[in-house]
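Summary of structural features
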Amino acid sequence: SGAIDGFTNNLSIAFRPQIIQSYSSGEYSRTKALFYSMSRINYMLHLMLIIPVAFSISYILDLWLGSYPSETRIFTICVMIMQTINCLHAPISTVMVATGKIKKIKIVSFIIICSVIPLSVLLFSFGFSVYTIYYLLLVLSAINVWASVKILCQTFPTINPAEYFKDIFIPLLIYTVTVVFIPVVIYLLLGETLLSTILQCIITLFSALTSGYVIVLNQREKQYFKTIVSKFLHK
């Protein structure tokens, strides 16, 4: 969790000053474009990192820890999925900080996420499994992102929920299904071995980059991606 967040937080750090500066300068269309780019790229990077780990989790944990509680596999996968959902919240928070109106979104997020405590106690009292708390956190994280989008749209009307759904949610959902498909096939054929882990990493990287370019990025972002690749190949 810490390693994945540390890697993707570097990207967020690059975006934050630009978003705050563009909003302060009244360049709202640029703020919106940066917000969308940060949301897309944050999610793509998270997914690119967690897929090989998720499909090789038993092999990795055996190699790393040797012996561990049986619940560790599910806990780890749930935490990584939750991180991927929450990475959509970071761009929202950045824009809200730029507006200076953070009270409402902080209170709503606090209430939604902390509701996991009474809900878990209630479900545990009915005999639900230990995994329940993580399943609840996944649902609450998704609710928190959508509630935060609604608050953002009320505070920053340049963005609206329908547009966010069409330009961010739908492309990222299609992207997720596309990128996950081949790793599932590898997992079913090879199980969790060193070979399958290496293949997962290589294929996920390739499919994530190509699918992201085709499905997720807009024309401006594609042009920027081409420029980066061109400079890299030139070097």
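Residues numbered from 1 in each chain as written. Predicted model: local features only at pLDDT ≥ 70, side-chain atom pairs only at ≥ 80, totals over all residues. Heavy atoms only, no water.

What follows covers the side chain of T99. As for its position among the elements, T99 is in helix α5 (residues 89–99). Taking relative accessible area as the criterion, T99 reaches 14% and is therefore assigned buried. One polar contact links the side chain of T99 to the main-chain carbonyl oxygen of M96, over a distance of 2.6 Å. From its side chain, T99 meets the backbone nitrogen of K101 in a polar contact 3.2 Å long. Discounting chain neighbours no more than four positions away, the residues touching T99 are Y23 and T155. (Helix = DSSP H or I, 4+ residues; strand = E, 2+ residues; numbered from the N terminus. Buried < 20%, exposed > 50% of the residue type's maximum accessible area, 1.4 Å probe, protein only. Polar contact = N/O pair within 3.5 Å; in protein donor to acceptor, adjacent residues only side chain to side chain. Contact = heavy atoms within 4.5 Å.)

Moving on, we get to the packing of aromatic side chains. One pass over the structure, following the stated rule, counts 9 aromatic pairs. Arranged with centres 5.6 Å apart and planes meeting at 45°, the rings of F35 and Y36 form a pair that is tilted. Judged by relative accessible area, F35 falls into the buried class, the value being 0%. Exposure remark for Y36: the relative accessible area of 5% places this residue in the buried category. On the basis of an interplanar angle of 35° and a centroid distance of 6.3 Å, the ring pair of Y131 and Y135 is categorised as tilted. A connected cluster of aromatic rings, assembled from ring pairs, spans F75, Y131, Y134 and Y135. (Phe/Tyr/Trp six-rings, centres within 6.5 Å; stacked < 30°, edge-to-face > 60°.)

Take the packing of helix α2 (residues 28–55) against helix α9 (residues 161–190) next. Between α2 and α9, whose axes approach to 11 Å, the crossing angle comes to 15°. Between α2 and α9, the interaxial angle falls into the category roughly parallel. α9 is crossed by α2, and the crossing has right-handed handedness. Contact residues: α2 offers K32, F35, Y36, S39, R40, Y43, M44, L47, I51 and F55, while α9 offers E163, Y164, D167, I168, L172, Y175, T176, V179, V180, P183, V184 and Y187. Residues belonging to the contact of α2 with α9 are distributed by class as follows: 16 nonpolar, 2 polar and 4 charged. (Axes fitted to C-alpha atoms, helices over the stretch in contact; angles between N-to-C directions. Parallel < 35°, antiparallel > 145°, perpendicular 65-115°, else oblique. Left-handed = near helix turned anticlockwise from the far one by under 90°. Nonpolar A, V, L, I, M, F, W, Y, C, P; charged D, E, K, R; others polar.)

This paragraph deals with the layout of surface pockets. Looking at the largest pocket, its volume works out to about 540 Å³. What lines the largest pocket is a set of 18 residues, and nearest its centre among them are L11, F15, I41, Y224 and I228. Listing elements by their share of the lining of the largest pocket, those giving two or more residues are α1 (2–24), α2, α10 (194–216) and α11 (219–234). Per element, the largest residue contribution to the lining of the largest pocket is 6 residues, and it comes from α2. In this model, the second largest pocket occupies a volume close to 310 Å³. Considering the residues around the second largest pocket, the lining is formed by 14 residues, among which Y43, I85, L88, A142 and F169 are closest to the centre. At 7 residues, α9 tops the list of elements feeding residues into the lining of the second largest pocket. Across the lining of the second largest pocket, the residue classes break down as 12 nonpolar, 2 polar and no charged. (1 Å grid on protein atoms, 1.4 Å probe; cavity = no way out; pocket = protein on both sides within 12 Å on 5 of 7 lines; lining within 4 Å. Points joined across faces, edges and corners; volume = space filled by probe spheres on them.)

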